[in-house]
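These are the residues of each chain, in order.
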Amino acid sequence: MSIAEQPVSLVGLARGLQGATLEESRRTMEICNACRYCEGYCAVFPAMELHRSFSNRDLVHLANLCHGCKGCFYACQYAPPHEFGLNLPKVFAELRRESYEHHAWPGALAGLFQKNGLFVSLATGLLLIAVMLLSALLVDPQALFGVNRGPGSFYAVIPYEVMVALGSLSFGYAVLALVMGLRNYWRESGAKQVGGKALALGLHDALTLRHLSGGGHGCNDTHEGFTQSRRWLHQAMMWGFLLSFASTSVATIYDHVFGWIAPYSWYSAPVVLGTLGGFGLTIGSGGLFWMKFKTDPEPTAQRNFGMDMGLLAQLFLVAVTGLALLFFRHTSAMGMLLVIHLGFVLALFVSLPYGKFVHGLYRFAALVRHHADQRAASQEEGSAS
Amino acid sequence: MLRDKHYDLLVIGGGNAALCAALTAREQGASVLVCEHAPRALRGGNSRHTRNLRCSHDAPTDVLTENYSEEEYFEDLLRVTGGVTNEKLARMTIHESKFVTPWMYERGVRFQPSLGGTLSLSRTNAFFLGGGKALVNAYFAEAEKKGVEVVYDTEVVSLDIEEGFFKGAEVRYHGFPDYVRAKALVVASGGFQGNIEWLTEAWGPSAANFIIRGTPFNKGLMLRDLLAKGAEPNGDPTQCHAVAIDARAPKFDGGIVTRLDCVPFSIVVNNKAERFYDEGEDVWPKRYAIWGRLVAQQPDQIAYAIIDTKCLKLFMPSVFPPIEGRTIEELAGKLELDPAKLSKTVKGFNAAVQPGSFDPSGLDGSRTEGLEPAKTNWARKLDEPPYYAYPLRPGVTFTYLGVTVDEKARIQMADGKPSANMLAAGEIMAGNILGQGYLAGLGMTIGTVFGRIAGQEAARYVNR
């Protein structure tokens with residue numbers, strides 16, 4: 001049975017989704033739909049206006065369409081202390097987290113979204129200890145603490161086979177689990193039909209973070225005033241992540257196709273991409289981390305704090321250790337830096353499908369459905385008139 | 001403590017007009033204190049429930065479509081007021097409305113892009129992004145940035161006025177008695193619709209059943225004080241703008257979501273299960289405002305709009321779900337109406353419905369024959385169960401009584417002279433222009449234009 005068809009009283013039994021969060025989301029949307037003052041803010045409100053009543057499936061979609069810009073909260077004449085007490089960004093953030101849990105693959109691991117901050121920190125700590133212990137036990141101290149230069153020096157610290165096996169296994173698993181989770185999500189909350197145009201528009205909105213621009217003048221990042229900080233920091237982080245990913249991909253091709261062995265020169269594609277990506281990730285994740293402390297907590301879901309901070313901290317640590325490795329690779333610190341960096345990378349990969357990272361995929365899916373729905377609605381209107 | 005300080009200007013109120021006045025005066029060098037009765041979270045008076053303002057424009061702008069001439073605007077005003085307007089002030093306000101949106105934008109107010117003609121108001125009215133509370137937030141932020149001093153939870157209780165000249169004001173600052181000294185005064189504290197006792201004076205005990213759509217802080221204390229101390233009144237003290245809203249709405253501050261657009265497609269009965277007025281008289285926005293009064297005249301100030309299933313999707317969803325019954329009798333039971341009488345009313349109505357082609361988009365002539373009162377449009381039999389009902393009560397939007405002002409926003413005294421240092425802006429003087437009726441977005445236009453004029457005049461006075 002899909003969540004759309006479940007009677008409300010049974011929803012609490014569905015993994016992840018809480019009846020109370022769904023009901024509060026529904027109550028909020030019904031009031032918003034009678035008001036509609038916020039329709040200029042983002043995609044959530046035009047999407048809401050397509051409905052007169054809200055199924056669970058619609059609510060999960062709308063929650064994932066919400067970027068948490070908080071514009072609607074500060075503009076809301078019904079926000080607390082009004083007796084309606086509306087707080088849309090907060091309840092949608094809670095529903096999003098519940099939807100990650102609900103759709104996680106395999107289901108047995110869904111509970112990792114419950115105390116996600118704890119899970120991410122434990123995974124990071126334990127994997128780091130494991131990698132360091134193993135290298136201390138297995139690696140020649142000369143390689144670990146000495147100065148190694150020239151091709152293959154990384155593999156003197158961690159053998160080529162080990163690095164490839166760990167990397168491809170952890171990353172391969174992450175991709176599989178992410179794809180399966182996204183598939184679960186799309187089956188319940190996606191669109192029935194999606195054209196190329198909706199896909200392209202969804203991709204455009206995701207890559208430009210259109211709905212964090214507030215139509216050009218910014219969002220309520222930390223308070224009532226409008227800024228673009230969150231959008232630019234998130235862009236730095238997202239593109240930093242993608243550049244780092246591109247760096248790794250190019251390096252893999254260099255190694256496997258051309259047989260060029262790392263480390264590469266300062267001007268090589270992997271190093272240039274990785275350096276840019278590393279700086280983007282550091283600035284973006286560090287900035288967002290700082291912003292989370294500074295922001296007005298009222299329109300945010302405190303329950304999600306650990307999950308949100310967990311991924312930011314991981315990305316920051318991966319980026320900083322990656323940059324440190326780059327700058328100190330010709331010194332005796334290289335061995336330990338490589339071990340630490342790989343420990344953080346491994347922990348990131350392992351926790352990708354069970355943490356905040358999934359929001360990127362779900363939100364992209366929601367943006368695609370949004371464009372498909374809007375297209376269908378305008379075609380319907382066109383044929384009706 | 002406020003009593004140790006000396007301000008150039010005291011602004012009473014925290015809505016649109018008050019902030020426009022405070023910003024304008026501050027930008028011209030005046031030191032300004034804004035006294036807002038509400039706590040910070042509920043600041044902004046009725047402006048926080050608004051959504052747009054009406055602007056004249058000669059060509060399409062980034063926020064308005066087509067054009068809206070000063071003449072057309074004035075004709076619209078004449079139509080709704082039936083001529084109860086001060087033409088000089090009205091024409092000046094309309095002219096000034098051409099220049100307000102860039103001024104607002106510079107002070108942080110953001111507008112939605114024009115809605116491309118889907119909504120008829122997109123030609124005449126500029127919509128605030130996020131609505132009036134977002135506008136108020138922007139103005140308060142701008143005021144703080146520019147050094148306007150704002151105190152919340154501060155009610156002005158009495159004005160010291162000597163022969164039409166303002167000396168100072170007694171206030172309750174966070175509950176404690178205090179005193180504000182200032183060289184000039186702008187009163188922008190709204191009407192008295194939040195004051196049920198005062199409404200009762202005009203409407204009798206039935207006013208206790210009215211719902212106030214806006215802020216509970218508009219008690220009209222300053223209005224009453226000014227009138228008692230020699231200001232010339234303006235507007236009919238017994239009139240208020242009231243619409244029929246969902247009876248389940250909160251007593252105050254229900255705002256937009258309590259509106260009901262179902263009346264033209266329904267039959268409306270009172271608590272004796274009898275119809276009392278032609279529900280299909282005209283398209284809804286035009287008839288919207290008379291239903292508040294109609295319901296106010298019914299026993300216990302309550303009525304019920306009843307529809308069947310085929311009408312359910314013809315109007316904007318309201319915030320409260322309709323009351324549902326599989327039969328008219330069952331519905332009557334849930335509404336605590338006499339089932340036999342309601343059944344008889346519905347049967348009588350159904351029997352009188354003439355064949356016609358129903359068209360919700362305009363006057364369709366589908367009518368009843370031989371029924372009193374008749375329903376002259378959109379009359380269709382109630383015959384598709386389940387049946388639905390929305391309870392209706394009068395919802396008061398604003399009151400018309402205010403003070404008389406001149407074109408410099410100076411308060412006119414009963415002796416015929418303008419006060420030298422007392423100015424008024426917003427709802428407290430809107431009746432000078434909107435003497436009766438209602439024109440969407442005009443209140444915000446008057447507040448913005450007169451707020452700016454009052455601020456300018458106050459600055460001119462203190463800098464003279």
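Everything numeric here is computed off the predicted structure, so don't read it as measured data.

### Examining the overall build of chain A
Part 1 of the argument: Counting its regular elements, chain A contains 16 helices and zero strands.
Part 2 of the argument: Its C-alpha atoms give chain A a radius of gyration of 23 Å, near enough to 21 Å, the size a compact globule of 385 residues would have.
Part 3 of the argument: By residue count, 52% of the 385 residues in chain A fall in the buried class.
Part 4 of the argument: For chain A, long-range pairs separated by at least 24 residues make up 75% of all intrachain contacts whose partners lie at least 6 apart in sequence.
Part 5 of the argument: Summed over its atoms, the accessible surface of chain A is roughly 16900 Å², and 68% of this surface lies on carbon and sulfur atoms.
Part 6 of the argument: Averaging the positions of the 27 positive and the 24 negative side-chain charges in chain A gives two centres separated by 4 Å.

### What about the overall build of chain B?
Part 1 of the argument: Helix and strand counts for chain B come out as 13 helices and 18 strands.
Part 2 of the argument: For chain B, the C-alpha radius of gyration of 24 Å lies close to 23 Å, the compact-globule estimate for 464 residues.
Part 3 of the argument: Counting only C-alpha atoms and orienting by the principal axes, one finds that chain B spans roughly 75 × 50 × 40 Å.
Part 4 of the argument: Restricting the contact set of chain B to residue pairs at least 6 apart, pairs at least 24 apart contribute 73%.
Part 5 of the argument: Put simply, chain B has 52 plus and 56 minus side-chain charges, and the middle of one group is 3 Å from the middle of the other.

### As for helix H3 (residues 87–96) of chain B
All names here are of chain B.
Part 1 of the argument: Of all the residues in H3, the buried ones are Leu89, Ala90, Thr93 and Ile94. For H3, the buried positions fall inside an angular range of 130° around the axis, keeping them on one side.
Part 2 of the argument: Close packing links the buried residues of H3 with helix H2 (70–81) and helix H13 (442–463).

### Side note on the pairing of strand S13 (residues 303–308) of chain B
Residues and elements named next belong to chain B.
Part 1 of the argument: With six of its six residues buried, S13 lies for the most part within the structure.
Part 2 of the argument: Residues Ala303, Ala305 and Ile307 of S13 are buried on one face, and the alternating residues Tyr304, Ile306 and Asp308, pointing to the opposite face, are buried as well.
Part 3 of the argument: As paired strands, strand S12 (residues 267–270) and S13 are joined by four bridges and run antiparallel to one another. Considered in S13, the bridge of Val268 is made with Ala305.

### Focus on helix H6 (residues 88–103) of chain A
Part 1 of the argument: For H6(A), spanning 16 residues, the distance from its first C-alpha to its last is 22 Å, which sits close to the expected 22 Å at 1.5 Å a residue.
Part 2 of the argument: Buried residues dominate H6(A), accounting for 14 of its 16 residues.

### Some words on the pattern of salt bridges
Part 1 of the argument: Throughout the structure, instances matching the rule amount to 42 salt bridges over all chains.
Part 2 of the argument: Among the salt bridges present, the one from A:Asp308 reaches A:Lys356, with a minimum N-O distance of 3.1 Å. One end of the pair, A:Asp308, is in helix H14 (residues 305–327); the other, A:Lys356, is in the loop between helix H15 (334–351) and helix H16 (358–384), with 48 residues separating them in the sequence.
Part 3 of the argument: What makes A:Asp308 buried here is its relative accessible area of 11%.
Part 4 of the argument: What emerges from the salt-bridge pattern is a single network uniting B:Glu27, B:Glu106, B:Arg107, B:Glu142, B:Lys145 and B:Lys146.

### Some remarks on the interface of chain B and chain A
Part 1 of the argument: Facing 31 residues of chain B, the contacting portion of chain A comprises 24 residues.
Part 2 of the argument: Summing both partners gives a buried area of about 2500 Å² for chain B against chain A, and 57% of it is carried by carbon and sulfur.
Part 3 of the argument: Among the residues forming the side of chain B that touches chain A, the class breakdown is 14 nonpolar, nine polar and eight charged.

### A word on the side chain of B:Thr399
Residue and element names in this part refer to chain B.
Part 1 of the argument: Checked against the element boundaries, Thr399 lands in strand S15 (residues 387–399).
Part 2 of the argument: Here Thr399 falls in the buried class, since its relative accessible area comes to 2%.
Part 3 of the argument: A distance of 3.1 Å separates a polar side-chain atom of Thr399 from the backbone nitrogen of Phe192.
Part 4 of the argument: Once you skip the residues sitting within four places of it in the chain, Thr399 turns out to touch Gly191, Phe192, Gln193, Leu199, Gln239, Cys240 and Glu427.

### Topic: the packing of helix H2 (residues 19–35) of chain A against helix H4 (residues 56–65) of chain A
Any two packed helices are characterised by how steeply their axes cross, that is the angle between the axes, and by the distance between the axes.
Residue and element names in this part refer to chain A.
Part 1 of the argument: Where H2 contacts H4, the axes come no closer than 10 Å and their chain directions differ by 80°. As summarised for this structure, H2 and H4 are arranged roughly perpendicular, according to the angle between their axes. Along the contact surface, H2 presents Leu22, Ser25, Arg26 and Met29, while H4 presents Asn56, Leu59 and Leu62.
Part 2 of the argument: Grouping the constituent residues of the contact of H2 with H4 by class yields four nonpolar, two polar and one charged.

### Considering the confidence of the model for chain A
Part 1 of the argument: Per-residue confidence for chain A averages 90 on the pLDDT scale, and 95% of its residues sit at or above 70.
Part 2 of the argument: The low-confidence segment residues 1–13 of chain A, where pLDDT is below 50, has 23 contacts with residues more than four positions distant or belonging to other chains.

### Regarding the pairing of strand S2 (residues 32–35) of chain B
All names here are of chain B.
Part 1 of the argument: On S2, burial covers both faces: Val32 and Val34 on one face and Leu33 and Cys35 on the other are all buried.
Part 2 of the argument: Where strand S1 (residues 6–12) and S2 come together, four bridges link them in parallel fashion. Its bridge partner being in S2, Leu9 is matched across the sheet by Val32.
Part 3 of the argument: In this view, the connection linking S1 to its parallel neighbour S2 by way of helix H1 (residues 16–27) has right-handed handedness.
Part 4 of the argument: Pairing between S2 and strand S5 (residues 149–151): three bridges, direction parallel. By the bridge assignment for S5, Leu33 is matched with Glu149.

### Describing unusual backbone geometry
Part 1 of the argument: That bond from A:Trp105 to A:Pro106 is cis: its omega, -10°, falls within 30 degrees of zero.
Part 2 of the argument: Positionally, A:Pro106 belongs in the loop between H6 and helix H7 (116–138).
Part 3 of the argument: For the bond from B:Pro385 to B:Pro386, the omega torsion is -5°, close enough to zero to count as cis.
Part 4 of the argument: Along the polypeptide, B:Pro386 turns up in the loop between helix H11 (339–352) and S15.
Part 5 of the argument: You will see that B:Asp153, though not glycine, has its phi angle at about 50°, which is positive.

### Observations regarding the state of the cysteines
Part 1 of the argument: For the structure shown, the criterion picks out zero disulfides over all chains.
Part 2 of the argument: As a non-bridged cysteine, A:Cys76 has A:Cys32 as the owner of its nearest cysteine sulfur, 6.4 Å distant.
Part 3 of the argument: Residue A:Cys76 is classed as buried on the basis of its relative accessible area, which comes to 11%.
Part 4 of the argument: A disulfide-free cysteine, B:Cys55 has its sulfur positioned 12 Å from the sulfur of B:Cys20, the nearest such atom.

### Side note on the environment of A:Leu50
Residue and element names in this part refer to chain A.
Part 1 of the argument: Here Leu50 shows up in the loop between helix H3 (44–48) and H4.
Part 2 of the argument: Overall, the relative accessible area of 37% leaves Leu50 in the partly exposed class.
Part 3 of the argument: Counting along the chain gives 323 residues from Leu50 to Asp373, while the straight-line C-alpha distance between them is 8.5 Å.
Part 4 of the argument: Residue contacts for Leu50: discarding those within four places in its chain leaves Asp373, Gln374 and Ala377.

### Describing the packing of aromatic side chains
Part 1 of the argument: The tally for this structure, following the rule as stated, stands at 30 aromatic pairs over all chains.
Part 2 of the argument: On the basis of an interplanar angle of 80° and a centroid distance of 5.2 Å, the ring pair of A:Phe73 and A:Tyr74 is categorised as edge-to-face.
Part 3 of the argument: Judged by centre distance (6.2 Å) and plane angle (70°), the rings of B:Phe265 and B:Trp378 are edge-to-face. Taken together, the residues span a long stretch of sequence, with B:Phe265 in the loop between strand S11 (240–246) and S12 and B:Trp378 in the loop between H11 and S15 at a distance of 113 residues. Side by side, B:Phe265 and B:Trp378 carry an identical accessibility label, which is buried.
Part 4 of the argument: An aromatic cluster of three or more residues is present, and its members are A:Tyr100, A:Phe113, A:Tyr185 and A:Tyr362.
Part 5 of the argument: The cationic tip of A:Arg329 hangs over the ring face of A:Trp266; the distance from NZ or CZ to the ring centre is 5.1 Å.
Part 6 of the argument: Across from the ring centre of B:Phe74, 3.9 Å away, lies the NZ or CZ of B:Arg91, which sits over that ring.

### Digging into a nonpolar patch on the surface
Part 1 of the argument: A grouping of A:Leu118, A:Leu122, A:Leu126, A:Ile129, A:Leu133, A:Leu134, A:Leu137 and A:Leu138 is seen on the molecular surface, where their side chains present a nonpolar patch of about 870 Å² in accessible area.
Part 2 of the argument: Among the secondary structure elements, A:Leu133 is positioned in helix H7.

### Let's talk about the packing of H2(B) against H3(B)
All names here are of chain B.
Part 1 of the argument: Running from N to C, H2 and H3 cross one another at 135°; their axes reach a closest spacing of 10 Å. The pairing of H2 with H3 is recorded here as oblique in orientation. In this structure, the crossing between H2 and H3 has a hand that is right-handed. Here H2 contributes Glu70, Glu71, Tyr73, Phe74 and Leu77 to the contact with H3, which in turn contributes Glu87, Ala90, Arg91, Ile94 and His95.
Part 2 of the argument: Classifying every residue of the contact of H2 with H3 gives five nonpolar, one polar and four charged.

Here is what the cut-offs are and how they apply
- Residues numbered from 1 in each chain as written.
- Chains lettered and ligands numbered in written order.
- Predicted model: local features only at pLDDT ≥ 70, side-chain atom pairs only at ≥ 80, totals over all residues.
- Heavy atoms only, no water.
- Helix = DSSP H or I, 4+ residues; strand = E, 2+ residues; numbered from the N terminus.
- Rg over C-alpha atoms; globule rule 2.2 N^0.38 Å.
- Buried < 20%, exposed > 50% of the residue type's maximum accessible area, 1.4 Å probe, protein only.
- Contact = heavy atoms within 4.5 Å.
- Areas by Shrake-Rupley, 256 points an atom, 1.4 Å probe, with all protein chains shown as cover.
- Lys, Arg positive; Asp, Glu negative; His and termini not counted.
- Charge placed at Lys NZ, Arg CZ, Asp CG, Glu CD.
- Arc of directions from axis to C-beta.
- Pairing = 2+ DSSP bridges.
- Expected span 1.5 Å × (residues − 1).
- Salt bridge = Lys/Arg side-chain N within 4 Å of Asp/Glu carboxyl O.
- Buried area = accessible area lost by both parts, 1.4 Å probe.
- Nonpolar A, V, L, I, M, F, W, Y, C, P; charged D, E, K, R; others polar.
- Polar contact = N/O pair within 3.5 Å; in protein donor to acceptor, adjacent residues only side chain to side chain.
- Axes fitted to C-alpha atoms, helices over the stretch in contact; angles between N-to-C directions.
- Parallel < 35°, antiparallel > 145°, perpendicular 65-115°, else oblique.
- pLDDT = per-residue confidence, 0-100.
- Right-handed = clockwise from strand over helix to strand, strands pointing away.
- Disulfide = S-S within 2.5 Å.
- Phe/Tyr/Trp six-rings, centres within 6.5 Å; stacked < 30°, edge-to-face > 60°.
- Lys NZ or Arg CZ within 6 Å of the ring centre and 35° of its normal.
- Patch = residues over 30% accessible without salt bridge, like charges linked within 9 Å, V, L, I, M, F, W, Y side chains within 5 Å.
- Left-handed = near helix turned anticlockwise from the far one by under 90°.

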